[in-house]
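Per-entry structural report
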Amino acid sequence: MFFQQVSQKEVEAGETHSLSAKRLLMRKITIAIDGFSACGKSTTAKRVAAILGYRYIDSGAMYRAVTLHFQRQHVALTNPKEVTRALGEIKINFQVNAKGASETYLNGLRVESEIRTMQVSEQVSQVSALREVRVAMVEQQRKMGRDKAIVMDGRDIGTVVFPEAELKMFLTADILTRAFRRQKELLEKDELVELDPIIENLVKRDQIDSTRAESPLRKAPEAVELDTTHVTIEEQTDEVVRLALALMLKPTLRN
Ligand code: DC
């Protein structure tokens, strides 16, 4: 990792001079990336985290894993008791694979591909609108972010999960660009889906995600909006890294 904290002891011992070229005064921050589906949030968040040496958490993957479990167990979404019981059976965690990519595990089994299918996409908005589900996921997400140095993407990260996040981004893109991106992603997983059902799914999810009673998707007033329609992934990553570094470099000395 090329960014390290300089301690108070080193400053007092006059050691910062020799270190100054390599070591900078950095503080750990929390980066929240919110926005509609398929705007490039996860790709950007992953890259930013890798550059900064931060942990990356895809909160959407957690709602997808819950949806997969509910589908497999035929949980009745209209029955709060059943939902709460099923939530109690779920353990979600992330592991970094040999290629350095973070993968989602549900009860100890890798479900990274299973949670990205259209079958899960079609129900995830209904599942993630349930109060019991949100309470359980937000609690886990806050635990993951306790020590900062994290990039988390989702719908309510800057508004509900980490309202105190130092950097909040809100990503947007036009619907056709988003649909093409999602189609490409599905193709990479050998799922060939026409554009129409993808657009239909995105529009429906946007509508449910932004109008639900519990933590609806909305831009935090202080979030920086980034339209990714005509921007490359490198450009959008650079922009977030630039904003993050400006905040991380605010002088703070740590012991
Ligand atoms: O980012 P994604 O498309 O993988 O997210 C899947 C769904 O999960 C999305 O339609 C809404 C829900 N979600 C949520 O409600 N809150 C989050 N923080 C992240 C995702």
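Let me begin by describing the structure that accompanies this report. (Residues numbered from 1 in each chain as written. Predicted model: local features only at pLDDT ≥ 70, side-chain atom pairs only at ≥ 80, totals over all residues. Heavy atoms only, no water.)

We now examine the environment of Thr84. By the secondary structure assignment, Thr84 is in helix α5 (residues 80-88). Classification of Thr84 as partly exposed rests on a relative accessible area of 47%. (Helix = DSSP H or I, 4+ residues; strand = E, 2+ residues; numbered from the N terminus. Buried < 20%, exposed > 50% of the residue type's maximum accessible area, 1.4 Å probe, protein only.)

A few words on the sheet that holds strand β6 (residues 150-154). Taken in spatial order, the 5 strands make up an open sheet running β2-β6-β1-β7-β8, and their pairing is parallel. The sheet is open, and its two borders are formed by β2 (55-58) and β8 (224-227), each paired with just one other strand. Neighbour-to-neighbour, the strand axes of this sheet turn through a mean angle of 20°, independent of strand direction. Bridge count between strand β1 (residues 30-35) and strand β7 (residues 167-172): 5 bridges; the pairing is parallel. When the sheet's bridge partners are listed, Ala32 is paired in β7 with Lys168. In the packing of helix α3 (residues 41-52) onto the sheet, contacts are made with β1, β2, β6 and β7, and the angle to β6 comes to roughly 180°. Contacting β2 and β6, helix α4 (residues 59-72) crosses the sheet at an angle of about 40° to β2. (Pairing = 2+ DSSP bridges. Axes fitted to C-alpha atoms, helices over the stretch in contact; angles between N-to-C directions. Contact = heavy atoms within 4.5 Å.)

Quick look at the pattern of salt bridges now. One pass over the structure, following the stated rule, counts 16 salt bridges. Residue Arg131 pairs with Glu214 through a salt bridge whose shortest N-O separation is 3.5 Å. Of this pair, Arg131 sits in helix α7 (residues 131-144) while Glu214 sits in the loop between α10 (195-211) and β8; the two residues are 83 residues apart in sequence, bridging distant segments of the chain. For the salt bridge of Glu139 with Lys143, the shortest nitrogen-to-oxygen distance reads 3.7 Å. One end of the pair, Glu139, and the other, Lys143, are both in helix α7, 4 residues apart, so they sit about a helical turn from each other. According to the relative accessible area criterion, Glu139 is partly exposed, its value standing at 46%. Looking at Lys143, the relative accessible area reads 48%, which means it is partly exposed. Connected through salt bridges with shared partners, the residues Asp58, Glu112 and Arg116 form a single ionic network. (Salt bridge = Lys/Arg side-chain N within 4 Å of Asp/Glu carboxyl O.)

Neighbouring the ligand are 16 residues; Arg64, Arg134, Asp156, Arg205 and Arg212 lie closest to it. In the model, an oxygen atom of the ligand is placed 2.8 Å from a nitrogen or oxygen of the Arg205 side chain. Its free accessible area being 450 Å², the ligand has 98% of it covered by the protein chains. Counting only elements with at least two residues in the shell around the ligand, the list comes to α4, α6 (118-128) and α10. Sorting elements by how many residues they give to the shell around the ligand places α4 first, with 4 residues. Looking at the shell around the ligand, its residues break down into 3 nonpolar, 6 polar and 7 charged. (Near = heavy atom within 4 Å. Polar contact = N/O pair within 3.5 Å; in protein donor to acceptor, adjacent residues only side chain to side chain. Areas by Shrake-Rupley, 256 points an atom, 1.4 Å probe, with all protein chains shown as cover. Nonpolar A, V, L, I, M, F, W, Y, C, P; charged D, E, K, R; others polar.)

So, about the sheet that holds strand β3 (residues 92-96). Strand order in this open sheet of 3 strands is β3-β4-β5, and the pairing throughout is antiparallel. Among the strands making up the open sheet, the edge pair consists of β3 and β5 (109-110). Summarising the sheet, β3 and strand β4 (residues 102-106) pair through 5 bridges and their orientation is antiparallel. Within the sheet, the bridge partner assigned to Gln95 lies in β4 and is Glu103. Its contacts with the sheet put α4 on β3 and β4, and the angle it makes with β4 is roughly 30°.

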